[in-house]
Amino acid sequence: MADITQSGDVFSATPVRRRPRIKLRHIGDHAILVAGALLMVFPIVLVLMTTSFEDADIVKNGLQFGFEGQMLENFEAAMFEASGFTKTITGTRMLMNSMILGLGFAIGKIVISMMAAYAIVYFRLRFATFAFWIIFTTLLLPLEVRILPSYEAIQSMGLANTYTGLIVPLIASATGTFFFRQFFRSIPEELVEAARIDGAGPVKFFIDILVPLSRTMIAAIFIIMFVYGWNQYLWPTLITTDEGMFTLVRGIKQIVQVLSQTGAMIPEYGKALALSLIAMIPPVLIVIFFQSWFVKGLTESDK
Amino acid sequence: MAQVTLDRVRKTYPNGHEAVHPCSVEIPDGELVVLVGPSGCGKSTLLRMIAGLEDITDGALSIGREVVNDRDPADRNIAMVFQNYALYPHMSVAKNMGYGLKNRGASKAEIDTKVQEAARILNLGDYLDRRPSQLSGGQRQRVAMGRAIVRDPELFLFDEPLSNLDAKLRNQMRIEIRALQQRLGVTSVYVTHDQVEAMTMADRIIVLNGGRVEQIGTPTEIYEHPASTFVAGFMGAPPMNLMQAHIADGVLTLGEETHLPFAAPAVATDSVLVGFRPEDVRLGGDGSMMLHVEIIEELGAHRLLHGKLGGQPFSLSIGKDEVAGLGAQPITLPRDRIHFFHPERGTRI
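What counts and how
Residues numbered from 1 in each chain as written. Chains lettered and ligands numbered in written order. Predicted model: local features only at pLDDT ≥ 70, side-chain atom pairs only at ≥ 80, totals over all residues. Helix = DSSP H or I, 4+ residues; strand = E, 2+ residues; numbered from the N terminus. Buried ≥ 20, exposed ≤ 12 C-beta atoms within 10 Å, placed from the backbone. Contact = placed C-beta atoms within 7 Å. Nonpolar A, V, L, I, M, F, W, Y, C, P; charged D, E, K, R; others polar. Pairing = 2+ DSSP bridges. pLDDT = per-residue confidence, 0-100. Arc of directions from axis to C-beta. Axes fitted to C-alpha atoms, helices over the stretch in contact; angles between N-to-C directions. Parallel < 35°, antiparallel > 145°, perpendicular 65-115°, else oblique. Left-handed = near helix turned anticlockwise from the far one by under 90°.

Q: Where do I start with the overall build of chain B in this structure?
A: Scanning chain B from terminus to terminus reveals eight helices and 20 strands. Overall, the C-alpha framework of chain B stretches about 75 × 45 × 35 Å when taken along its three principal axes. Put simply, chain B has 349 residues, and 39% of those count as buried.

Q: I would appreciate a short explanation of the interface of chain B and chain A in the present structure.
A: When the parts come together, some accessible area is lost, and that loss is often what is quoted as the size of the interface. Contacts between the two partners involve 18 residues from chain B and, on the opposite side, 16 residues from chain A. Looking at the side of chain B that touches chain A, the elements that each hand over two or more residues are strand E6 (78–81) and helix H2 (93–103) of chain B. Residues belonging to the side of chain B that touches chain A are distributed by class as follows: 12 nonpolar, five polar and one charged.

Q: Whenever I open this one, the sheet that holds strand E19 (residues 327–332) of chain B confuses me. Can you help?
A: Strand pairing in a sheet is mediated by backbone hydrogen bonds. Such pairs are either parallel or antiparallel. All names here are of chain B. Pairing is antiparallel across the open sheet formed by five strands, whose spatial order is E15-E19-E16-E17-E18. Where the open sheet ends on each side, the last strands, each with one partner, are strand E15 (282–283) and strand E18 (312–319). As paired strands, strand E17 (residues 302–309) and E18 are joined by eight bridges and run antiparallel to one another. Bridging from a neighbouring strand, His-302 pairs with Gly-319 of E18.

Q: How should I be thinking about the confidence of the model for chain A in this particular structure?
A: If pLDDT is low for a region, its predicted coordinates should not be looked at in detail. Residue and element names in this part refer to chain A. Averaged over every residue, the pLDDT of chain A is 82; the share at 70 or more is 86%. For chain A, the element scoring lowest by mean pLDDT is helix H1 (residues 2–9), at 43; helix H11 (residues 202–213) scores highest, at 93. Contacts from residues 1–12, a stretch scored under 50 in pLDDT, to residues over four places away or in other chains number one contact.

Q: I keep staring at helix H4 (residues 71–80) of chain A and nothing clicks. Help me out?
A: Owing to its 3.6 residues per turn, the α-helix brings residues three or four apart onto one side. Residues and elements named next belong to chain A. Burial in H4 covers these residues: Asn-74, Phe-75, Ala-77 and Ala-78. One side of H4 carries all its buried residues, which in axial view fall inside an arc of 160°. Turned more than 90 degrees away from the buried face of H4 sit Leu-72 and Phe-80, all of them exposed.

Q: Honestly, the packing of helix H6 (residues 128–137) of chain A against helix H9 (residues 174–185) of chain A in this entry has me stumped. Any pointers?
A: The axes of two packed helices give the description: the angle between them and the distance between them. All names here are of chain A. Put simply, H6 and H9 touch, their axes get as near as 8 Å, and they point 135° apart. It follows from the interaxial angle that H6 and H9 lie oblique. Read as a crossing pair, H6 and H9 show a hand that is left-handed. Packed against H6, whose contacting residues are Phe-132, Ile-135 and Phe-136, the element H9 presents Ala-174, Thr-177, Phe-178 and Arg-181 at the interface. Grouping the amino acids of the contact of H6 with H9 by side-chain chemistry returns five nonpolar, one polar and one charged.

Q: What am I meant to see in the sheet that holds strand E4 (residues 58–63) of chain B here?
A: Residue and element names in this part refer to chain B. Read from one edge of the open sheet, four strands run E2-E1-E4-E5, paired in antiparallel fashion. Each edge of the open sheet carries a strand with a single partner, namely strand E2 (18–27) and strand E5 (66–67). The pairing of strand E1 (residues 4–12) with E4 spans five bridges and is classified as antiparallel. Considered in E4, the bridge of Val-4 is made with Ile-63. The strands touched by helix H1 (residues 43–51) within the sheet are E1, E2 and E4, with E2 carrying the most contacts at an inclination of about 60°.

Q: Sorry if this is basic, but what is going on with the pairing of E6(B) here?
A: Successive side chains on a regular strand alternate, one facing one side of the sheet and the next facing the other. All names here are of chain B. Residues Ile-78 and Met-80 of E6 are buried on one face, and the alternating residues Ala-79 and Val-81, pointing to the opposite face, are buried as well. Pairing of E6 with strand E7 (residues 155–159), which is carried by four bridges, proceeds in the parallel orientation. Of the residues in E7, the one forming a bridge with Val-81 is Phe-158.

Next up, the structure:
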């Protein structure tokens, strides 16, 4: 019916006003999306609500619905109260450590992989392709495979419990090198030649042309790598024994564990849960703020 | 401004492929030389060798009487305009033009003056703060020109600068580039595969084929006296008609019984290639020469008749007022505009 009237309208001069209609299909789609979103958000809300309870309640009854008066205290304790065996580590300190790890990890990876890709793509090296494939195959080897030798090396260099030891072994990046290589290869050859005629040497070309051209790519990789670095657990656990060096992700567990082992008190669940919420915030913020760059970096080619 | 000399310049790739056979040319100060040839003929390679983007295997290249074989592109005092413009996408028009000067350590004020001057010449004044992506093809082309001008080079190099533009803009930019080059008086080397561009812009043309120089000459020389069948076929649209003719007792014969009313040239072979420009042949005549027209192409200003003469393909260009139909048409061959070529070597006789 509707089709017939529409096809008639094509030839009529007066435009037909259409009422915006809510289609049944759209309702279904949105219902699924909303349900999915709720499903994802629910645990976080549950945790948030639980942080407002006293530790004793949490131990007795598990995760809680509703709000009690303890939320502020728990968050304050999580951020500022010293904890651990040595009572040297606070939430702020852990947040800072995590930030240093996340930023160092992401920036280090970007710098290293950009330079590696630059060498592979733009210089006539003898074994450039071979080197690239060697780097590429390390994608198949997760950190866990080389964790013992890495630990051994860092330990023997005396870099345990330092930021250097925490960050440097992680910053070699096959993924980053691969992304930047693909990106550099898509930059037209003439641009390199124009730069050569304009008197830009290798370093100038890299800094003046390649880096600015790669900025959306850099942003995209920064997001991925920051979140990845922030969420590192195994390596920080191994390499930091000094509590002052703990990162958030590692520290949360420590809080629960330490207090339950000392046994004198109830584990500080409220504080731990507050800390895990705090740990979620920076990656979320990064993704929200860099989202448009991220999409651009992966899809747009502004060459 | 400078004179450019190529002395037996040669390019052999590591895999043994000889991209440019020894080539010697002298380009006087202020001249615009066009390198023309089909794709893969080595014209771009030769240009890139002059620019310093490709190594010169052998021979000497001098710009302004100095041999520059081993100098970096930046130190040759040249400027190059690329086919796809090669503008830096993240820089404004002004920055694009000034980048080379900045790298040479020019002062901000100097860069500014020169960029303004170039922008004025090229009518880019309103666009200096824009990014290349915000410009049209023709404007981008002008920015690329501007980048070349501000460097105040001794030599301009153009690598098919117009082939990314549409036909109308191409004609317009062709004239602009030529006018600009003449005004600035800078020696230029211009690469193109378009023979119209070559004919219209060049002081002199170098026709390349398979890495070899086929002919060097002014557009008129190249057109009137092509040195080989290759040049004859490449320059001019539609190309010259080239036909195999037999020589028997000084009489030239096409196919079985079409006798040509000219004396054969004095050659040792028993056949020869005869060439006529389609526009030199006239429609009408005494009927001794009949063209069998198979296709008529209407081009507005003139018309092309394609058919067979003595069993061999033949084209003829007629004015828009002349009337011709399909089938047998009498034609008259020009007596004074005949080109003879060697049947095997293809060289002019």
